[in-house]
Amino acid sequence: MVTKTLKRKPANPQSAIRNPQSLVAVVMGSKSDWETMQHADKTLTDFGVAHECHVMSAHRTPHLAAEFSATAMSRGVEIIIAAAGGAAHLAGVVAAHTTLPVLGVPMKSDALNGMDSLLATVQMPAGIPVGTLAIGKPGAVNAALFAIAILANSRPELRTKLEAFRERQAEQVRSATLP
Ligand code: RP5
C-alpha cells in the first residue's frame, strides 16, 4: 500500500497573519466583503488603532472561524468586528466562541439588498449577543467608531480623538451650503 503525505497549503494563508498588537480584529465572510469593510479598516487606521483584517467564513471555513475567535482574547484583541452577507452567521459563530464584544456588520446582498444579512446577524437568541450595526458602508464605519468608543473608556487619548472627530463632523454640517 502506498501512503501519501499530503502537504496542503493553508486554504487562507492571509488569515494566519495575526498581529500581537491588535486591539480590534475585523473578520469578513468573503473577499467580496472587503469593498465595504475597507471603510472599517480605514476608520481604525485614521484613529491609529492597531487592528488586523481577515477573511474567514462560518460556512466555508468553520474551524478557522472558531479557532480564531476562541484565541483572539489571549492575543490581546479586545473587540471583534464580524461582517457577512446572506445567511450571515459569522458574527454569531464568532460570538459563540468568545466573551469579547462582537460587532456585526450585515453586508448588502444582491438578492435581498442586505435584509437577509441584517436579520441573520441581528436576531441572535438571548445569551450570545452580537451588537449589530447598519447594512453596508455606514455599518462598517460605525462598527469601527463603536469599537473606538469602547476602547476609549480606558484610553483618554482615544477619547480626545473621538471628541475631535465629532466636532469636525458637526462643523461640516454647520458650515454646509446648499447650491
Ligand atoms: C457570505 O456570503 C460573505 O460574507 C459574502 O457577503 C457572501 C457572498 O460571498 P461570495 O460568494 O462573494 O464569496 O458568506
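Look a little higher up for the structure.
The sections below set out a description of the structure shown in this document. (Residues numbered from 1 in each chain as written. Predicted model: local features only at pLDDT ≥ 70, side-chain atom pairs only at ≥ 80, totals over all residues. Heavy atoms only, no water.)

**Overview of the pairing of strand E1 (residues 24-28)**
Our working rule: Any residue under 20% of the maximum accessible area for its type is buried, any over 50% is exposed, and the rest in between are partly exposed; the area is computed with a 1.4 Å probe on protein chains only. Secondary structure follows DSSP: runs of H or I at least 4 residues long count as helices, runs of E at least 2 residues long count as strands, and numbering of each begins at the N terminus. When the strands point away from the viewer and the connection leading from the first strand across the helix to the second strand turns clockwise, the crossover is called right-handed. Any two strands are treated as partners once DSSP identifies two or more bridges connecting them.
Within E1, 5 of the 5 residues are buried, which leaves it mostly tucked inside the rest of the structure. On E1, burial covers both faces: Val24, Val26 and Met28 on one face and Ala25 and Val27 on the other are all buried. With helix H1 (residues 34-46) bridging E1 and its parallel neighbour strand E2 (residues 51-55), the resulting β-α-β unit is right-handed. Inspection of the sheet shows E1 paired to strand E3 (residues 79-84) by 5 bridges, in the parallel sense. Looking at E3, one finds that Met28 is bridged to Ala83.

**Considering the nonpolar core**
Rules: Residues belong to a common nonpolar core when they are buried Ala, Val, Leu, Ile, Met, Phe, Trp, Tyr or Cys residues joined through side-chain atoms within 4.5 Å. Here, residues are in contact when the closest pair of their heavy atoms is within 4.5 Å.
In this structure, Val24, Met37, Phe47, Val49, Ile81 and Ile148 are the most contacted members of the largest nonpolar core, which totals 27 residues. Within the residue set of this core, elements represented by two or more residues are E1, H1, E3, strand E4 (102-106), helix H5 (137-152) and helix H6 (156-174). Element by element, the count of residues in this core is highest for H5, at 8 residues. In contact with Val49, not counting residues within four places along its chain, are Leu23, Val24, Leu44, Ile148, Leu151 and Leu158. Ala25, Phe68, Ala95 and Val102 belong to the second-largest nonpolar core, a separate cluster that totals 19 residues.

**Re the sheet that holds E1**
In plain terms, the rule: Axis definition: a line fitted to C-alpha atoms, limited for helices to the stretch in contact. Angles are taken between N-to-C directions and run from 0 to 180 degrees.
If you walk across this open sheet you meet the 5 strands as E2-E1-E3-E4-E5, and the pairing is parallel. Two strands lie at the open edges of the sheet, namely E2 and strand E5 (131-132), each paired on one side alone. Along the sheet, helix H2 (residues 62-72) contacts E1, E2 and E3; its crossing angle with E2, the most-contacted strand, is approximately 165°.

**Notes on unusual backbone geometry**
If you check the backbone angles, Asn113 has positive phi at about 60° while not being a glycine. Its location among the elements puts Asn113 in the loop between E4 and helix H4 (115-122).

**Section: the site of the ligand**
Threshold: The criterion for a residue being near a molecule or strand is simple. One of its heavy atoms has to lie within 4 Å of it. In protein, a polar contact means a hydrogen-donor-capable atom and an acceptor-capable atom, both N or O and within 3.5 Å, with residues adjacent in sequence counting only if both atoms are side-chain atoms; elsewhere, any N or O pair within 3.5 Å suffices. Throughout, the Shrake-Rupley method with a 1.4 Å probe supplies accessible areas, and for residues the shown protein chains are the sole cover considered.
Around the ligand, the surrounding shell consists of Gly29, Ser30, Ser32, Asp33, Arg60, Ala84 and Gly85. A distance of 2.6 Å separates an oxygen atom of the ligand from a polar side-chain atom of Ser30. Within the contact set of the ligand, an oxygen atom lies 2.8 Å away from a side-chain nitrogen or oxygen of Arg60. A total of 360 Å² of accessible area belongs to the ligand in isolation, and the protein chains cover 64% of it.

**Observations regarding the side chain of Asp33**
As a reminder of what qualifies: Positive residues here are Lys and Arg, negative ones are Asp and Glu, while His and the chain termini are left out of the count. For this document, the term salt bridge refers to a Lys or Arg side-chain nitrogen within 4 Å of an Asp or Glu carboxyl oxygen.
Along the chain, Asp33 falls in the loop between E1 and H1. Salt bridges are absent for the buried Asp33, whose nearest opposite-charge side chain, Arg60, sits at 7.5 Å. Apart from residues lying up to four places away in sequence, Asp33 is in contact with Met28, Ala83, Ala84 and Met107.

All quantities given are derived from atomic positions and should not be read as evidence of function.
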